Amino acid sequence: MGRTYRTIGINLKTMPLGESDRLLSVFSRDRGLLKLVAPHSRGLRSKLGGRVDLFVVNDLFISPGRNLDRILQAETVATYQGLNCHLTILTAAQYLGEVVLYQVHPQQPQPDLFDWLCTTLDQLQGASSRAALALLVRGLCGILRLGGIAPEWYQCYDSGCEIAVPAADTDWRLGFSFARGGVFTIKAEHTAENNYVSGGFSKGDRQLTAGEVRLGQWLALPATQALARDEFLTQAEAYPLSVWLSLERVLRQYLQFHLEQTLRVPPLLDSCFSPVVVSQP
């Protein structure tokens, strides 16, 4: 058994363990994914108390164990209490947390991803439903970028030609390949009927509208990723809500394809915006 160690981490998943403990999935800034036992944390007199809640960032003092390490002490660094003020905000936060859980691995520090997640959670606090959606989509784009699987929006992967998006929304369409990770000019053999699988998950290609491509290109810009919250949300107003929802579904399918996992939280987002009609492939 090794020596005790210290790390800063955010709780991304929690579940009961035994009669009074909890098992936490913690994303540590310098140690990657940790599975930790929070002893006696379900008791009314627990010293850990709210420190074991979701999305709480703690400075942890940990004792290595034979199978699972145990939390000895925890000092809260951040809580993001504003995530609980609205269902859409909480769902967006849980969506990001689920995706990040699939991206992190034990003993693999990912400080940039840790900082990006914490920054996005902080920006989500107190946001409106529309703002939460925009921040979520930008957050997903950042996760894809940091994971090295961000899609290409500016060049056709097939021909290498630059994509010129029409200024107005028309019948113009562009293909999007999950497997190749980018856009392409639609040819006769690329049709929604031949490549799209009903039910929201596609193993082939997807057709995108001009608005979706334009939004994807804007979000891919480093300058957009670096915008402060208020400036980003002001510029995000230029894109209709239905386009934000459509692009989120594209990114959801893209993530599921590359993670080889069906995400559980995103369908809850659909119920938050159920009256809004989005374009279908």
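What comes next is a walk through the structure. Predicted model only: the values in this text are computed from it and were never measured.

### Looking at the packing of aromatic side chains
Going through the model one piece at a time under the given rule, you end up with eleven aromatic pairs. Considering the side-chain rings of Tyr 157 and Phe 184, the 5.4 Å spacing of their centres and the 65 degrees angle between planes classify their relative orientation as edge-to-face. In this pair, Tyr 157 is assigned in the loop between helix H3 (129-146) and strand S6 (173-177) and Phe 184 in strand S7 (residues 182-184), connecting sequence segments 27 residues apart. Stacked on the ring of Phe 232, the Lys or Arg Arg 138 has its end atom at 4.0 Å from the ring centre. Across from the ring centre of Trp 116, 5.6 Å away, lies the NZ or CZ of Arg 145, which sits over that ring.

### A few points about the packing of helix H5 (residues 210-220) against helix H8 (residues 241-259)
Contact geometry of H5 with H8 gives a least axis separation of 9 Å together with a crossing angle of 75 degrees. On the basis of their axis angle, the class for H5 and H8 is roughly perpendicular. Contacts between H5 and H8 involve Gly 211, Glu 212, Leu 215, Gly 216, Trp 218 and Leu 219 from the first element and Val 243, Trp 244, Ser 246 and Leu 247 from the second. Along the lines of polarity and charge, the residues of the contact of H5 with H8 split into six nonpolar, three polar and one charged.

### Things to note about the nonpolar core
Among the nonpolar cores identified, the biggest contains 67 residues, and Ile 10, Leu 124 and Trp 244 are the most heavily contacted of them. Sorting elements by how many residues they give to this core places H3 first, with eleven residues. Those residues in contact with Leu 124 that lie beyond four places of it in its chain are Leu 83, Ile 89, Ala 92, Ala 93, Leu 96, Ala 132 and Leu 135. Core analysis: the second largest hydrophobic core is formed by twelve residues, Leu 24, Leu 34, Ile 62 and Ala 74 among them.

### Brief notes about the side chain of Asn 11
Mapped onto the fold, Asn 11 is located in strand S1 (residues 5-17). We classify Asn 11 as buried; its relative accessible area is 1%. A distance of 2.8 Å separates a polar side-chain atom of Asn 11 from the backbone oxygen of Asp 53. Ignoring anything within four residues of it in the chain, the contact list for Asn 11 reads Leu 24, Ser 25, Val 26, Arg 51, Val 52, Asp 53, Leu 54, Phe 55, Val 56 and Asn 58.

### A few points about helix H1 (residues 87-103)
For H1, which comprises 17 residues, the first-to-last C-alpha distance of 24 Å matches the rise-based estimate of 24 Å (1.5 Å per residue) to within 8%. For H1, the set of buried residues is Thr 88, Ile 89, Thr 91, Ala 92, Ala 93, Tyr 95, Leu 96, Gly 97, Glu 98, Val 99, Val 100 and Gln 103. Packed against the buried residues of H1 are S1, strand S2 (21-28), helix H2 (111-124), H3, H8 and helix H9 (266-272).

### Section: the sheet that holds strand S4 (residues 57-63)
The mixed closed barrel is built from five strands, whose spatial order is S1-S2-S3-S5-S4. Averaged over all adjacent pairs, the angle separating strand axes in this sheet is 50 degrees, with direction ignored. Strand direction decides the pairing type here: S4 and strand S5 (residues 69-78), joined by seven bridges, are antiparallel. Pairing of Val 57 across the sheet is with Ala 78, part of S5. Strand contacts of H1: S1, S2 and strand S3 (32-38), with the helix running at about 115 degrees to S1, the strand carrying the most contacts. Against the sheet, H2 touches S1, S2 and S4, its axis set at about 60 degrees to S1.

### Topic: the pairing of S5
In this structure, S3 lies alongside S5, joined through two bridges in parallel fashion. Paired with Val 37 across the strands is Arg 70, a residue of S5. Joining the antiparallel neighbours S4 and S5 is a turn of five residues.

Calculation criteria
Residues numbered from 1 in each chain as written. Predicted model: local features only at pLDDT ≥ 70, side-chain atom pairs only at ≥ 80, totals over all residues. Heavy atoms only, no water. Phe/Tyr/Trp six-rings, centres within 6.5 Å; stacked < 30°, edge-to-face > 60°. Helix = DSSP H or I, 4+ residues; strand = E, 2+ residues; numbered from the N terminus. Lys NZ or Arg CZ within 6 Å of the ring centre and 35° of its normal. Axes fitted to C-alpha atoms, helices over the stretch in contact; angles between N-to-C directions. Parallel < 35°, antiparallel > 145°, perpendicular 65-115°, else oblique. Contact = heavy atoms within 4.5 Å. Nonpolar A, V, L, I, M, F, W, Y, C, P; charged D, E, K, R; others polar. Core = buried A, V, L, I, M, F, W, Y, C linked by side-chain atoms within 4.5 Å. Buried < 20%, exposed > 50% of the residue type's maximum accessible area, 1.4 Å probe, protein only. Polar contact = N/O pair within 3.5 Å; in protein donor to acceptor, adjacent residues only side chain to side chain. Expected span 1.5 Å × (residues − 1). Pairing = 2+ DSSP bridges.

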